[in-house]
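Chains, contacts and geometry: an overview
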Amino acid sequence: MPALPLHFRSATELARLLRARKITASALLEDCLGQYKAHNKALNAVVVTDIPRAKKAAAAADRRLKAGKPKGPFDGVPMTAKESFDMAGLPSTWGDPRFKDNFASTDAVAMQRLEAAGAVVYGKTNVPLMLADWQSYNAIYGTTNNPWDVTRAPGGSSGGSAVALATGMSALEIGSDIGASIRNPAHYCGVYGHKPTWGVVPYQGHLLPGTVQPGDITVAGPLARSARDLASMMKIIAGPVGPDARGYALALPPAKQKALKEFRVAVMFTDEQSEVDLSVQDLLGKLTQFLGKRVKTLSTTARPAFTTKEAMDVYIALLRSATSRRQSDAEFAANSAKVAAADPKDNSYLTKMLRAYVLPHRDWLKYNERRHQMRLLWDQFFDDWDVMICPAAASAAFPHDHVGERHERKIIVNGKPVPTTDQLFWAGYSGCFLLPSTVAPMGLTPEGLPAGVQIITRQHGDYTAIRFAELLEKEYGGFIPPPGY
């Protein structure tokens, strides 16, 4: 197989070529900018740029590399970042016109760490309004298209991030995830994404104006074209900062497994909470068949000791409680009135969401207690299993649909329209319980759309999930460039 063009190679390989002086950082940046200039008009992935800053950084990287003194593991590697991450002098709007003049004065902590490792950042990538959709469109920057089919969504909320990677506009990305916002776009666009254990990557510089405390469940984490890049990025961006760093240091354990034969693997194909399209199930089935002869143990029935319905109910309550602080006083009052008038037997998603928006703190404490009981049941499960593999979403990328609110929209799964919000289950099954999970490409559906496998492991086992993805990349398959880029 011929070597991929430079702009499609992994950041790790690009860094190696840079250190060997086979390429220059300035030339590599121009290569990515060439992809940006050729394709961004049709895709609308990169929505903010600071190219002079990037060219200056690339030139400085070339001087260091020529002297044999690289700044860090990604010295000279070009990257972009999700629009919601602060970069000094650039807007952080979260796609909301209210914040169109919110220009950052400093870089987010994660961005500081990546630039300290030598990454050359030239722009920011598109998001949905308030980072709250599996599409990426807003009134400020417009709509981002999926490179595999421009009539379809790229995922969200780190949608522009995944598109930039998939099309070679950048070699590294950073996103955030409370409802699969890293995992979903990675799945829809055929790249890698890692949702870290909650709290291990600092959120400072990825917060709405006037906010200093990160919300429940939400995390920041890496996206890339290679699993190995995810591991390298985690080593850079993870770890406490500020007052927290005075008292403790992070020590995520390395993966103990060196080969697939050392892994105990549980598999989940679909669930009554969110039926999965057969096109995605079939790809997961082929992967499972491949693994069956290669891993230590494999089960398609092993599950943690709680029901998936309870997992979904607890997640929706805590997820929508976590986003409830965005309500104005008037919105809170209106939602309180709607909840008071609702039928107590109404368990529709909309009513569950509204109840969570106005949930009394005493009730939140009950949900949170049950969440942590279930988190410990997950940990017991992982005494017997190293990873659970499952879908990242209910289907491959769906057609653009900007009509109404997200909870009103439908997607087609196995020929039937189903609520798009059903697939929150695949986000919350790990995310609600603070667990890390990695999405890795596992092939193309009959429609020619990518689909990813979600790899869940125990709390703080981030490198175990990533190691499994690395082994799949090596032995089964990895990133495939979309045609035409």
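These numbers were taken from a predicted model, which means no experiment stands behind them.

**Quick word on helix α3 (residues 51-66)**
Relative to the 22 Å expected for 16 residues at 1.5 Å per residue, α3 spans 22 Å between its end C-alpha atoms, a close match to the ideal helical length. For α3, the complete set of buried residues consists of I51, A54, A58, A60, A61, D62 and L65. Buried residues belonging to α3 abut α1 (11-19), α2 (25-43), β1 (46-49) and β3 (120-125).

**Observations concerning the environment of V201**
Tracing the backbone through its elements, the reader meets V201 in the loop between β7 (192-195) and β8 (219-224). Relative accessible area serves as the criterion here: at 6%, V201 is assigned to the buried category. C-alpha of V201 to C-alpha of T49: the two residues are 152 residues apart in sequence and 25 Å apart in space. Setting aside residues up to four positions removed in sequence, V201 forms contacts with P196, A220, M234, I237 and A238.

**Concerning the sheet that holds β1**
Sheet strands line up and pair through hydrogen bonds in the backbone, either parallel or antiparallel. Ordered in space as β1-β3-β2, the three strands form an open sheet in which the pairing is mixed. At either end of the open sheet lies a strand with only one pairing partner, and these are β1 and β2 (78-82). Within the sheet, the average angular offset between the axes of one strand and its neighbour, ignoring direction, is 40°. The sheet contact formed by β1 and β3 spans three bridges and is antiparallel. Looking at β3, one finds that T49 is bridged to G123.

**Some thoughts on the environment of T288**
Relative to the elements of secondary structure, T288 occurs in helix α9 (residues 278-292). Note: C-alpha distance between T288 and Y429 (141 residues apart in sequence) is 20 Å. Excluding anything up to four places from it in sequence, T288 contacts V267, F269, L298 and I389.

**Here's the deal with the sheet that holds strand β9 (residues 264-267)**
If you trace the eight strands from one edge of the open sheet to the other, you get β6-β8-β7-β14-β15-β11-β9-β10, paired in mixed fashion. The open sheet is flanked by β6 (173-177) and β10 (297-299), the only strands paired with a single partner. On average, adjacent strands in this sheet sit at an angle of 25° to one another, irrespective of strand direction. Taken together, the two bridges between β7 and β8 define a ladder with antiparallel strand orientation. Its bridge partner being in β8, Y192 is matched across the sheet by A224. In the packing of helix α14 (residues 424-431) onto the sheet, contacts are made with β7, β11 (387-391), β14 (437-444) and β15 (450-456), and the angle to β15 comes to roughly 25°.

**Considering the layout of surface pockets**
There is about 870 Å³ of room inside the largest pocket. The wall of the largest pocket is formed by 24 residues, among which L129, M130, A132, Y357 and E405 lie closest to the centre. Contributing elements (two or more residues each) for the lining of the largest pocket: α11 (329-341) and α12 (349-357). Grouping the constituent residues of the lining of the largest pocket by class yields nine nonpolar, six polar and nine charged.

**Quick word on unusual backbone geometry**
Across the junction of G156 and S157, the peptide omega takes the value 10°, indicating a cis bond. For S157, the position within the fold is in the loop between β5 (142-143) and α5 (159-166). In this structure, L131 takes a positive phi of about 60° despite not being glycine. Checked against the element boundaries, L131 lands in the loop between β3 and β4 (137-138).

Cut-offs and rules
- Residues numbered from 1 in each chain as written.
- Predicted model: local features only at pLDDT ≥ 70, side-chain atom pairs only at ≥ 80, totals over all residues.
- Heavy atoms only, no water.
- Helix = DSSP H or I, 4+ residues; strand = E, 2+ residues; numbered from the N terminus.
- Expected span 1.5 Å × (residues − 1).
- Buried < 20%, exposed > 50% of the residue type's maximum accessible area, 1.4 Å probe, protein only.
- Contact = heavy atoms within 4.5 Å.
- Pairing = 2+ DSSP bridges.
- Axes fitted to C-alpha atoms, helices over the stretch in contact; angles between N-to-C directions.
- 1 Å grid on protein atoms, 1.4 Å probe; cavity = no way out; pocket = protein on both sides within 12 Å on 5 of 7 lines; lining within 4 Å.
- Points joined across faces, edges and corners; volume = space filled by probe spheres on them.
- Nonpolar A, V, L, I, M, F, W, Y, C, P; charged D, E, K, R; others polar.

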